[in-house]
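Each chain, letter by letter, is given below.
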4 protein chains.
Amino acid sequence: MLGYGFMGKAHANAVARLPMFVDDAPAVERDVLIGRDEAALAAAADRLGFARTATDWREVVDDVDAFYNLGPNHVHPEPTIAALEAGTPVLCEKPLAPRLAGAERMADAAADADVPAGVGFNYRYVPAIQYAKELIEAGELGDIRRFRGRYLQDWLVDPEAPASWRTDAERAGSGALGDLGAHTVDLARFLVGDIERVSGPTTTYVDERPAAEGQGTEAVTVDDAYSAQIRFENGAAGTLEASRVAPGRKNDHTVEIEGSEGAVRFSLERLNELEVLGPANRGFETVLVTEADDPYLEHWWPPGHTLGWEHTFVHENAEFLSAVADGSAYSPDFADGLAVQRVLSAIQESDERGEWVAVAQ
Amino acid sequence: MLGYGFMGKAHANAVARLPMFVDDAPAVERDVLIGRDEAALAAAADRLGFARTATDWREVVDDVDAFYNLGPNHVHPEPTIAALEAGTPVLCEKPLAPRLAGAERMADAAADADVPAGVGFNYRYVPAIQYAKELIEAGELGDIRRFRGRYLQDWLVDPEAPASWRTDAERAGSGALGDLGAHTVDLARFLVGDIERVSGPTTTYVDERPAAEGQGTEAVTVDDAYSAQIRFENGAAGTLEASRVAPGRKNDHTVEIEGSEGAVRFSLERLNELEVLGPANRGFETVLVTEADDPYLEHWWPPGHTLGWEHTFVHENAEFLSAVADGSAYSPDFADGLAVQRVLSAIQESDERGEWVAVAQ
Amino acid sequence: MLGYGFMGKAHANAVARLPMFVDDAPAVERDVLIGRDEAALAAAADRLGFARTATDWREVVDDVDAFYNLGPNHVHPEPTIAALEAGTPVLCEKPLAPRLAGAERMADAAADADVPAGVGFNYRYVPAIQYAKELIEAGELGDIRRFRGRYLQDWLVDPEAPASWRTDAERAGSGALGDLGAHTVDLARFLVGDIERVSGPTTTYVDERPAAEGQGTEAVTVDDAYSAQIRFENGAAGTLEASRVAPGRKNDHTVEIEGSEGAVRFSLERLNELEVLGPANRGFETVLVTEADDPYLEHWWPPGHTLGWEHTFVHENAEFLSAVADGSAYSPDFADGLAVQRVLSAIQESDERGEWVAVAQ
Amino acid sequence: MLGYGFMGKAHANAVARLPMFVDDAPAVERDVLIGRDEAALAAAADRLGFARTATDWREVVDDVDAFYNLGPNHVHPEPTIAALEAGTPVLCEKPLAPRLAGAERMADAAADADVPAGVGFNYRYVPAIQYAKELIEAGELGDIRRFRGRYLQDWLVDPEAPASWRTDAERAGSGALGDLGAHTVDLARFLVGDIERVSGPTTTYVDERPAAEGQGTEAVTVDDAYSAQIRFENGAAGTLEASRVAPGRKNDHTVEIEGSEGAVRFSLERLNELEVLGPANRGFETVLVTEADDPYLEHWWPPGHTLGWEHTFVHENAEFLSAVADGSAYSPDFADGLAVQRVLSAIQESDERGEWVAVAQ
């Protein structure tokens, strides 16, 4: 596992919880944690339950049964490709890469390797999202016509919030677009289908921020927010938006899908709920997706005993690691990751050109 | 008053309620109701409290103290311009005209006439919207950065819902765009400022519908839905959307405004409420805008005794008729109506051209 | 009409709106407004549309087609009984009287008179409440097991809010109990059935308040809040509560009803909505009760164009005045008013005795 | 740990998660799991991470550093007392015992033992509840006047839901009252203070249910629902209610507290949120209690990345096991458990006597 910050903790926790909650998950050893700062790395390995540490990923990517790349975006391509070339399955956080070229190389490497290569689109694993997909596939909403996805946070609304790799185009590729929008685009593809073309601007409100370390300021070279209109290949239309400067929104990822006969609404801040309007409803019905026969719920608690954000990672890791153990296919895979990246890239291009841009296929 | 359907009822009721609720409103006689079907017209005049009827607006528009044009969009220009040329104040429903040229002629006529010429943007008169404007003007939200407006209805989601002038481009000009979007664009201008450029598609899902009268079907020549991205002259950005085929949404006009320091949210289906996030809030605060010192509330009931949709017309008529009586200026006026129409027109043009379009000034 | 304050305005407005909105309502003249202060009375009569005024109800109660008693509670019995004895139909605001004895005399007078005698339980006329009753009567909730009713306001939470007849036991009889609780008890009876016994305390938090006029303070001799448990004759159980010192609650009258197979929830602050859980629902469905075929909605606006608090009075007056015109029965009548008063009285007795008290029949 | 069902899983998981999330929690070995069915026990020990198993608690309660009693209520007293007499710290699930006598003996044993004896009132450990307590203690709500607590579930609404120890008075003591009400009473005491007297009925709607095993039916000898009114020693008043037959409610534990200057509202189904009305608010503010400086949140994720129901157990175990390790005091302790039980018992007595009952001190 490369990375021991936010995502490292989320995945290490997920792996640790499998034996108690997911009966048919494979046995997993947390073997080696990779990072640069030896002292911090050792402390993290101890806390996260890893047996050993490494400061150079080159030494280990061919030596493990699976490689998790949880580093900043610019650290995704090289180690990931090396692992895949070594025949090591990879789970890589999203977006695949800062720029499209890196993502393409990664997807090529995954196509050449005969091992699972997954992307960390954990919101597919929210039970309410899976339940929404079941409703859509069962035709409960009729023909899908419209997707609305919006991911709002406020952690950069304070102009004194410091710069980081997440505000630097070189390392992150983009801002709210890649950080948050990648999730929304993935859900759009998961729930509705491939995206054909996009139109949309990105915006930066705060041009420089206090440097992450030391004194002075750093330029903000990524977007604070984006919005986009999209057209799906199946004719459905949609709108996307994300912001890291939306006052009062902590982690508000909302998705709405409308069809010719029904609709669903979801908000990540209330992730146990799905609002459903089916053919028999007059208004939206608030379904608490916590019954034993709801997706992934057989692993957890009695109805109404809600899950949290982190549980999506448990489901994700159970699926990915089972695929690794079985040698079976896993999705969302790098082809999905690349498809998302092409949408993100097309939005950036649309922003520059001021017109609709076809998504590369 | 020309028109005795939905809007005729809304305005006649508003006028009738003034004496009991708005102390300083002028005394108003409901004089003459204009329509074509004499029998229906007579019944409506009786019900709505008009003294007499006329089947030709030409006979009366120069003979009244104020002329209300509440007919279908294609009936707006000619009688309105005639009234203005006769020096008669006009209140015209929105959008001003089916197409931009008509709206321009109307605005020219209003500019030449020295009388109030108002447009029926009644949602400016929701107390919660007025309260939002007060907060914005007081700087409570900081610099305004983003506007989100969405107006969703479902009365055309059934493909067997019949055609009408509202589904006919010749008479209506556009569909959800002009019918619903005009309101949203007006609120965007009212609350944030002038719109500089737009980008956005319109969509029609149901191409033909049962004819309104008789047998057979009629082509639907307007949009079922539109969405747009907008850029304000002051640098703020926004997204707009409307639909008449959104399952489960009855009259869901939502507006969100974000600034550098706060945000507000509004939904017409809960029009007595404004959700406010000011500098001192951690989360959104649901304010019931029904205190005696809230906008327009001194006319009504004790706190918490909620108003309905129709009350917006009472406030609107009180303001318009006071301007007529006083000879003072009234807004939203035809310049506002034209500005909205230019945005609608630019969205249609953007839909055709697939790129951002500057709004004519 | 006796009284020209809050309730006078609500009823005068309702009567005035009948011709435009309720086709089959009888024609009604607002004839004579009764009060003591001649100057204020004349101004009110002018504003509320009454033809004449009177300062002594004795002179007019036998001289009108219907008498509205909208005065403070202690003014209810004598004029009401006189009107009934004169064969004049009466609509009296709730609660019937400050104390049970007065209510009994009024109910006796109504039983002896062969004219409609209605009580102002306007919340029966909320469309969503009527819709709930339809669901219950259709068996959608199964056997009714539990009723929860709660009416919270905050206008007395400030200890400096002045005293009035509403805080004086002599004139009001009780505080939150009679003022607010009367409504809740009526809805309990309307929706579930007769109440057999009760148990519950009343509480006063602020013992004295600034005098309404002049200087000094007045003792508060009524309750600020009450809560009660109830048992219905049909075996269902329930809880009641009201407060005029509940911070942040403006007019929050909530009702929940649970049966063996379903449930409904209602809140007056969102009076256009009913939350419904029927046999086919997983969770509560938010129904906007604004369709043309919903109760009383044929009189008003298209779906989603919401009504306000005052509309309940229009429905109430349409029903009451139709009964007067037709000589037909009207409910809620004085027998209902007495039944409610017996529950209120039993709660007061329970408060004194600290035990369950059977409601007199 | 005695018990490996629902509660066993919740506590074993909590203990397992401490090292990764709670830096200063003591190291904990999951040593011995106690149960009767050897095969099921072995499987559970494997899944829950215990080193060994035992079928007789007598053999182990003096042999461990802490004893968790997570069995059915009737299994609480004897092993718990034995452990305490052996000087072993105990964490016992709620309610302490089926009947008051058992709880008293347990509290006596705890008083005699000089070790932590905790009761499983895990809802004290919801961050939003802790935050509410901070607000109350800081005086933000003024003098506390009213507590409303309600715990609704629906898992017994189906009359064919089978009997279990939870529907049997012998083993459970009571039904919704002890199972759910114990939590609510604890929160009332935690947030407001000691309860002086109570009044309230219990109700059983379904008298017999299919036997848990085999054929035929079993009598239901506990309540399906209860409601109560309470008076606190500090003069505040309150209402309590619980049901296991409330249609559509999965785990709806709501708490509202009103003071002279503010109020808070909480619902377990949205446990990351607290609705707050402080002196500066016009309406309730929805606070997402997920900031790093919110109670217990420093252990988890960035703002808005919500926690689930199970996290309350992590916080609870961190506190309890730290007390065990440090030899420090822990609360909620058995005195709290006994105080709750006295309230439950007084409610049962009130149900029988039909009057207010003083809570034993």
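Computed from a predicted model, the values in this text were never measured in an experiment. (Residues numbered from 1 in each chain as written. Chains lettered and ligands numbered in written order. Predicted model: local features only at pLDDT ≥ 70, side-chain atom pairs only at ≥ 80, totals over all residues.)

1. Re the overall build of chain A
Note the threshold: Starting at the N terminus, helices and strands are each numbered in turn, a helix being any DSSP run of H or I of at least four residues and a strand any DSSP run of E of at least two. Radius of gyration here is computed from C-alpha atoms only, and the compact-globule reference equals 2.2 Å multiplied by the residue count raised to the power 0.38. Once C-beta atoms are placed from the backbone, any two residues with those atoms within 7 Å are in contact.
Scanning chain A for helices and strands turns up nine helices and 17 strands. Computed over C-alpha atoms, the radius of gyration of chain A comes to 20 Å, within 12% of the 21 Å expected from 2.2 N^0.38 for 361 residues, which places it in the range of a compact globule. Here the contacts in chain A between residues at least 6 apart in sequence split such that 69% fall between residues at least 24 apart.

2. Considering the interface of chain D and chain A
Counted only if it meets this: Each residue gets one label: Ala, Val, Leu, Ile, Met, Phe, Trp, Tyr, Cys and Pro are nonpolar, Asp, Glu, Lys and Arg are charged, and the others, such as Gly, are polar.
Chain D puts 29 residues into the contact, and the matching count from chain A is 29 residues. Going through the elements one at a time, helix 1 (6-21) and helix 2 (38-48) of chain D are the ones with two or more residues in the side of chain D that touches chain A. A per-element tally of the side of chain D that touches chain A places helix 1 of chain D first, with six residues. Partitioning the side of chain D that touches chain A into residue classes produces 14 nonpolar, 10 polar and five charged.

3. Things to note about the relation of the copies chain B and chain D
In this arrangement, two copies of a chain are superimposed by a rotation about an axis accompanied by a shift along the axis. Going by this rule: When the copies are superposed, the least-squares fit takes in the C-alpha atoms of residues with a pLDDT of at least 70 in both.
Rotating chain B by 180° and translating it 0.0 Å along the rotation axis places it on chain D, where the RMSD comes to 0.0 Å. What the rotation and shift describe, once combined, is the action of a two-fold rotation axis. The C-alpha atom lying nearest the rotation axis in chain B is that of B:Glu285; the distance is 1.9 Å. A shared interface surface links the copies, since 100% of the contact residues of chain B are contact residues in chain D too.

4. Looking at unusual backbone geometry
It is generally the case that most residues other than glycine have a negative phi and that most peptide bonds are trans. Residues A:Ser331 and A:Pro332 are joined by a peptide bond in cis, for which omega reads 5°. Even without being a glycine, C:Tyr296 presents a positive backbone phi close to 70°. By the secondary structure assignment, C:Tyr296 is in the loop between strand 16 (285-288) and helix 8 (311-326).

5. A closer look at the sheet that holds strand 3 (residues 67-69) of chain C
Residues and elements named next belong to chain C. Threshold: At least two DSSP bridges between two strands are needed for those strands to be called paired. To obtain an axis, a line is fitted to C-alpha atoms, over the contacting stretch when the element is a helix, and the angle between two such axes runs from 0 to 180 degrees between their N-to-C directions.
Spatial ordering of the open sheet is given by 3-4-5, a layout of three strands whose pairing is parallel. For this open sheet the edge positions go to strand 3 and strand 5 (117-119), each flanked by a neighbour on one side alone. Here the strands of the sheet are splayed against their neighbours by 15° on average, with no regard to which way each runs. Bridging between strand 4 (residues 90-92) and strand 5 involves three bridges; their strand directions are parallel. Each residue of the ladder has a partner; that of Val 90, found in strand 5, is Ala 117. Across the sheet, helix 3 (residues 77-85) is in contact with strand 3, strand 4 and strand 5; its angle to strand 4 comes to roughly 165°.

6. Things to note about the interface of chain B and chain D
Contact residues are listed per partner, giving nine residues for chain B and nine residues for chain D. Class assignment of the residues belonging to the side of chain B that touches chain D gives a composition of four nonpolar, three polar and two charged.

7. Considering the sheet that holds strand 3 (residues 67-69) of chain A
Residues and elements named next belong to chain A. Read from one edge to the other, the open sheet built from three strands follows the order 3-4-5, with strand pairing classed as parallel. Edge strands, defined here as strands with exactly one partner in the open sheet, are strand 3 and strand 5 (117-119). Strand after strand, the sheet turns through a mean of 15° between neighbouring axes, direction not considered. In terms of strand pairing, strand 3 meets strand 4 (residues 90-92) through three bridges, oriented parallel. Its bridge partner being in strand 4, Asn 69 is matched across the sheet by Cys 92.

8. Considerations on the domain arrangement of chain A
All names here are of chain A. Using the following cut-off: Residue ranges assigned to each domain were obtained from an automatic or database domain assignment.
Annotation of chain A at the domain level lists domain 1 (6-122) and domain 2 (124-303 + 332-357). Its C-alpha centre places domain 1 at a distance of 24 Å from the equivalent point of domain 2. In this assembly, 22 residues from domain 1 lie in contact with 25 residues from domain 2. For the side of domain 1 that touches domain 2, the secondary structure elements donating two or more residues are helix 4 (100-112) and strand 5. For the side of domain 1 that touches domain 2, the element with the highest residue contribution is helix 4, accounting for six residues. Here the residues of the side of domain 1 that touches domain 2 are counted per class, giving 15 nonpolar, four polar and three charged.

9. Here we look at the relation of the copies chain D and chain A
When chain D is brought onto chain A, the operation consists of a screw motion whose angular component is 180° and whose axial shift is 0.0 Å, with 0.0 Å RMSD remaining. Take the interface residues of chain D: 100% of them recur as interface residues in chain A, which is what a same-surface contact looks like.

10. Describing the pairing of strand 6 (residues 144-152) of chain D
Here is the key point about a regular strand: its side chains alternate between the two faces of the sheet. All names here are of chain D. So the rule is basically this: Exposed residues have 12 or fewer other C-beta atoms within 10 Å of their own C-beta, buried residues have 20 or more, and residues in between are partly exposed; the C-beta atoms are placed from the backbone.
The element strand 6 is largely enclosed, with a buried count of nine among its nine residues. As paired strands, strand 6 and strand 13 (residues 252-259) are joined by eight bridges and run antiparallel to one another. Paired with Leu 152 across the two strands is Asp 252, which belongs to strand 13. The pairing of strand 6 with strand 12 (residues 237-243) spans seven bridges and is parallel. Residue pairing for strand 12: Arg 146 is matched across the bridge by Ala 237.

11. Digging into the confidence of the model for chain A
Rules: Per-residue confidence from the prediction method is given by pLDDT, with values spanning 0 to 100.
Mean pLDDT over chain A stands at 97; residues scoring 70 or higher make up 100%. Across the assembled chains, the prediction reports ipTM 0.96 with pTM 0.97.

12. Here we look at the packing of helix 3 (residues 77-85) of chain B against helix 4 (residues 100-112) of chain B
All names here are of chain B. Just so we agree on the cut-off: The cut-offs work like this: below 35 degrees is roughly parallel, past 145 is roughly antiparallel, 65 to 115 is roughly perpendicular, and the gaps in between are oblique.
Interhelical geometry of helix 3 versus helix 4 gives an angle of 10° and a closest axis separation of 9 Å. Accordingly, the angle class assigned to the pair helix 3 and helix 4 is roughly parallel. Across the interface between the two elements, Pro 77, Thr 80, Ile 81, Leu 84 and Glu 85 of helix 3 pack against Gly 102, Arg 105, Met 106, Ala 109 and Ala 110 of helix 4. Residues that form the contact of helix 3 with helix 4 fall into these classes: six nonpolar, two polar and two charged.

13. Some remarks on the pairing of strand 7 (residues 195-199) of chain D
All names here are of chain D. Two elements, strand 7 and strand 11 (residues 225-232), share four bridges in a ladder whose sense is antiparallel. Paired with Ile 195 across the strands is Phe 232, a residue of strand 11. When strand 7 meets strand 17 (residues 357-358), the two strands line up antiparallel, connected through two bridges. Paired with Arg 197 across the strands is Ala 358, a residue of strand 17.

14. Focus: helix 3 (residues 77-85) of chain A
Residues and elements named next belong to chain A. Residues of helix 3 that are buried include every one of Pro 77, Pro 79, Thr 80, Ile 81, Ala 83 and Leu 84, and no others. The elements touched by buried residues of helix 3 are strand 3, strand 4, helix 4 and strand 5. Gly 87, located one to two residues past helix 3, shows a positive phi value of around 80°.

15. Looking at the environment of B:Asp46
Residue and element names in this part refer to chain B. With respect to the helices, strands and loops of the structure, Asp 46 is situated in helix 2 (residues 38-48). We classify Asp 46 as partly exposed; it has 13 C-beta atoms within 10 Å. In this structure the C-alpha to C-alpha distance between Asp 46 and Val 198, which are 152 residues apart in sequence, comes to 45 Å.

16. Focus: the environment of D:Arg265
Residue and element names in this part refer to chain D. Among the structural elements, Arg 265 can be located in strand 14 (residues 263-267). The sequence separation of Arg 265 and Ala 10 amounts to 255 residues, and the corresponding C-alpha distance is 26 Å. In this structure, Arg 265 is in contact with Glu 256, Glu 275 and Phe 284, ignoring residues within four places of it in sequence.

17. A look at the environment of D:Leu297
Residue and element names in this part refer to chain D. Tracing the chain through its elements places Leu 297 in the loop between strand 16 (285-288) and helix 8 (311-326). In this structure the C-alpha to C-alpha distance between Leu 297 and Asp 63, which are 234 residues apart in sequence, comes to 34 Å. Residues contacting Leu 297, with those up to four places away along its chain left out, are Pro 127, Thr 290, Glu 291 and Ala 292.

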